[in-house]
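# Examination of the molecular architecture
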Amino acid sequence: MNDSPRNRPHLFIDGGGQTEQYRRPKQKIDASPLPVRDRAAHADALSASIGLALEAARAQLGARATAVAEGVPGFYLQIEIPAGEKAVIDQLGNRQKQIEVVAVREPTAENPSVTATVFVPATAQTYYEEKVEAYRAEDTRKGRPKNEPMIARMDFVRLATARSLFTDDDALFPVGDVAVWWEIWLRDGHRDVFSRMAARLNLQVKDHAVRFPEREVVLVLASTESIDRLVAYSDVVAELRRAKDTPAFFMGLAGGDQHEWSDEALARLTPPADANVAVCILDSGVTQTHPLLSPALDVADLHTINPAWGTADSATQWRGHGTAMAGTALYGDLVPVLTGGAAIVLTHRLESVKILPPNGVANNEPDLYGAITAEAIARAEIQAPNRRRAIALAVTSESSMSGRPSSWSSAIDQLCFDPDNRRLLIVSAGNIRVDLMPADHLVRNDLESVEDPAHAWNALTVGAFTEKVDLIDPSLAGWSAIAPAGELSPRSRTSVTWERQWPVKPDVVIEGGNLASNGVLPGDPVDDLQLLTTHNRPNDRAFNTIGDTSAATALVARFAGAILANRPRLWPETVRGLIVHSAEWTPAMRAHIDACNGRKGQIHALVRRYGYGVPDIDRALLSAQNDLTLMVEDALTPFNKAGSAVKTRDMKVHQLPWPNDVLAQLGDTHVELRVTLSYFIEPNPGERGWTRRHRYASHGLRFAVKKATESLDEFRARVNDAARDEEEGGAVGGGAGGDEWLLGPKHRDQGSLHSDFWSGTAADLAQRDAIGVFPVGGWWKEKPYLDKWNTEARYSLIVSIKAPGVEVDIYTPVEAKIAIATEIG
């Protein structure tokens, strides 16, 4: 007989059992043999060590008055126990007195004892002293020393430090005072206290945390000195470990083991739902059969500019560079993807166009790369004409133009500007191609110019910074990362040496890995300091590493793909603007900027090193109650012909729907305003001196913000004066107002993307409720015979206000104002 189908629920039956009294078994007394001790001698020795520990603890408690301190006053003690006496650990704590065993370290070859670390509130500081004295002087009813099961198993007590709470391999404990990433295991209910302490110690804390019933784990960038202060002056730490998830683990696996990790990730994968959003990679080709890539890369989306080359990746000549780019553009760094357990939901597809010749084929002529780039993009667009795409180009020439346009960079500007099909191109700043020593960092970066074609005005140019400083591989003992955490990646190029008239490049920086050195050998891109990505020979190995500005370019392309998937109607100019607008400088970068003490020329040089900082996808897509972003996509006709002369024409004034009542109530509270203006220019290259008549850019746009004391008419008059002054060769943006801005018009008004920062009081900002966008000259104006003087120029304007550290809702009032304006309109 066939089984019936399983289509009915399980049945419940009445419990009907008889309730009986539970007989609790008697608690077992620890009957294991105690260490043989001379009672008086052991009490004396243990009392002496506890006394010294308490003397140091009381001095530490006394320093709380002048130190950065948070939480319940107390201290940590490190208690050494014979290796065979671990049973005593359960007796060391006391819930009633809030004494907690927080960490236990197992014996090692160097230290054969078990080490337990306990937190002791100041109110219970004499607890162990009293236990020892009772052990010395009192007996139980059975004639044994009181507290013997605990005290006889304690060898030594000292004041604990960060090292006491470190439960990883001793070899991983940081040497010297370098900042590394730590896993800090917080005591239950102590996250708020930790957050306050971290802010006061200027610790960099990752946003995400892992929560367990009695612990919460956060990632923190800090030096050992800072962690020692955290332990000494707070009650938050339960345990310390190194953040050990690096590519080295996966790169050390055999091919079959790598495939197991890859298969597990595939089981959590959801392919992209929208076939009309993609990241298009112009590189050495991509291995489409890689299991992690094929769900988002169709065979029909593999292209090549030369059919004889094929579409597959070039394993020898380019070492699988295109496939490595593809994995990063789709997943980012694979390490957190593989080690996490969350669902993997892809937001965009991939396209590949092979523009690099395979092994044994002559290189493309450098002066043809503009045409090659245009042809490559055209092949992808013909295949999927309705697809929205971010185009990633991590191929650069060894030549540097010091900002002056080349045929390649001009072709990229033209591809972006194309009136019939605006495009978003994301281009690598290029890498320093020589061996680097630790002393070269930043010095060499500032001297090595961004490579061709990354100086294109309309491209989003990407440099690299790094937070990867942890060397976990034991074979690298004595080595250290060249770049400190939060600093520029060692090989990333800059535009520090360029003349001021040329654009700021890179626009942003993002993770590109690091180099390691032992001080004798030049920097080496070891696996610990790289990003994990896909391998071009998936039958052999699933994973490879990638770094430098190639990795950074792929990451920003992934970022752009996510924005296009989330906001499919945004213009390319807006996506570029949002990425830049979301960027912030790391604490390490900001320290350099703050050290300039407002000297705008020095700050401008640092922006040419770091761009506008590190972009953040959440900031690009979402506002918060106290951090509001507004976007405008608009257009103006910059010029008008009056007789034979072409004059500037339109200016747009945008009223800002500020929450005036809320800002007025905040009064002198510190608030911040940021404005980003993004547009594309039409290029007109040629070495003709770059004078006013022979400008490269078709036009320029500028912004100015209404001052608190100005009327709207006075503001318009000031903006008109500023435009006229710049046209007549006066001070750039002199009338646009710059003293209160971080950069000011003179140092922000290069290229086709301008971003700046204002800070002041909320009351002042409430009256700065208008932004003007106005044109300045270009070859559309200076060359009327080319009949471009009446061309419309579109732009994206992005404005943010935030009240850092203030619990206030500035979002809802603005949302209401916009809704009312929309209904009226």
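Think of each chain on its own: its residues are numbered from 1, step by step along the sequence as written. Selection of residues for local features in this predicted model requires a pLDDT of at least 70, selection of side-chain atom pairs for listing and counting requires 80 or more, and totals for whole chains, interfaces and linings are taken over all residues. Side-chain calculation: all heavy atoms of the structure are included, whereas hydrogens and water are not.

This part takes up helix α12 (residues 407–417). A simple rule labels every residue: compare its accessible area, found with a 1.4 Å probe on the protein chains alone, to the largest value its type can have, and call it buried under 20%, exposed over 50%, or partly exposed in between. Secondary structure follows DSSP: runs of H or I at least 4 residues long count as helices, runs of E at least 2 residues long count as strands, and numbering of each begins at the N terminus. Burial analysis of α12 places nine of its eleven residues in the buried class, the great majority of the element. Among the residues making up α12, those that are buried are Trp408, Ser409, Ser410, Ala411, Ile412, Asp413, Leu415, Cys416 and Phe417. Of the surrounding elements, those touching the buried residues of α12 are α11 (369–383), β14 (388–393), β15 (424–428) and α23 (779–782). In what follows, residue pairs with any heavy atoms lying within 4.5 Å of each other are defined as contacts.

Cis geometry marks the peptide bond from Asp452 to Pro453, where omega comes out at 10°. Position of Pro453 relative to the elements: it lies in the loop between α13 (443–447) and β16 (460–466). Cis peptide bonds are those with omega within 30 degrees of zero, and the linkage from Lys505 to Pro506 qualifies with 0°. Even without being glycine, Asn202 reaches a positive phi, approximately 60°. Note that Asn202 resides in the loop between α5 (191–200) and β6 (204–211). With a phi close to 55°, Arg319 is a non-glycine residue in the positive phi region. For Arg319, a relative accessible area of 69% translates into the label exposed.

Moving on to the environment of Lys781. Relative to the helices and strands, Lys781 is located in helix α23. Since its relative accessible area comes to 11%, Lys781 is described here as buried.

Using a 1 Å grid laid over the protein atoms alone, points where a 1.4 Å probe fits but cannot get out form a cavity; open sets with protein on both sides within 12 Å along at least 5 of 7 lines form a pocket; any residue with an atom within 4 Å of a point counts as lining. Grid points are joined across faces, edges and corners, and a volume is the space filled by probe spheres set on the points. What the second largest pocket holds in volume is close to 1,200 Å³. In this structure, the second largest pocket is lined by 35 residues; those nearest its centre are Trp318, His321, Asn431, Arg433 and Ser550. Looking at the lining of the second largest pocket, the elements that each hand over two or more residues are α9 (321–331), β22 (543–546) and α14 (548–566). Considering only residue class, the lining of the second largest pocket consists of twelve nonpolar, 16 polar and seven charged. Under the grouping applied here, Gly and all other residues not named as nonpolar or charged are polar, the nonpolar ones being Ala, Val, Leu, Ile, Met, Phe, Trp, Tyr, Cys and Pro and the charged ones Asp, Glu, Lys and Arg.

With that out of the way, let us pick up empty space enclosed by the protein. One way to see where empty space is left: roll a probe the size of a water molecule over the atoms. Enumeration according to the criterion identifies two cavities of 30 Å³ or more in this entry. Taken as a whole, the largest cavity spans an internal volume of roughly 80 Å³. Residue lining of the largest cavity: 13 residues in total, with Pro503, Val504, Asp507, Gln750 and Leu753 positioned closest to the centre. Lining the second largest cavity are Leu663, Leu666, Val671, Leu765, Ile801, Lys802, Ala803 and Ile810. Those elements giving two or more residues to the lining of the second largest cavity turn out to be α19 (660–666) and β31 (793–802).

Take the packing of aromatic side chains next. Two rings belonging to Phe, Tyr or Trp (six-membered ring only in the last case) form a pair when the distance between their centres is within 6.5 Å. Interplanar angles under 30 degrees mark stacking, angles over 60 mark edge-to-face geometry, and anything in between is tilted. Counted under the stated rule, the structure contains 15 aromatic pairs. Considering the side-chain rings of Phe249 and Phe250, the 5.0 Å spacing of their centres and the 80° angle between planes classify their relative orientation as edge-to-face. When its relative accessible area of 43% is taken as the criterion, Phe249 is described as partly exposed. Take Phe250: its relative accessible area is 1%, and that puts it in the buried class. Plain terms: the ring middles of Phe249 and Trp261 are 5.8 Å apart, the flat faces sit at 85° to each other, and that makes the pair edge-to-face. Of the two residues, Phe249 is situated in helix α7 (residues 247–251) and Trp261 in helix α8 (residues 255–267); the sequence distance between them amounts to twelve residues. Since its relative accessible area comes to 28%, Trp261 is described here as partly exposed. Think of it as a cone above the ring: NZ of Lys or CZ of Arg counts as a charge over the ring if it is within 6 Å of the ring centre and within 35 degrees of the ring normal. Above the ring of Trp571, the side-chain terminus of Arg794 is found at 4.2 Å from the ring centroid.

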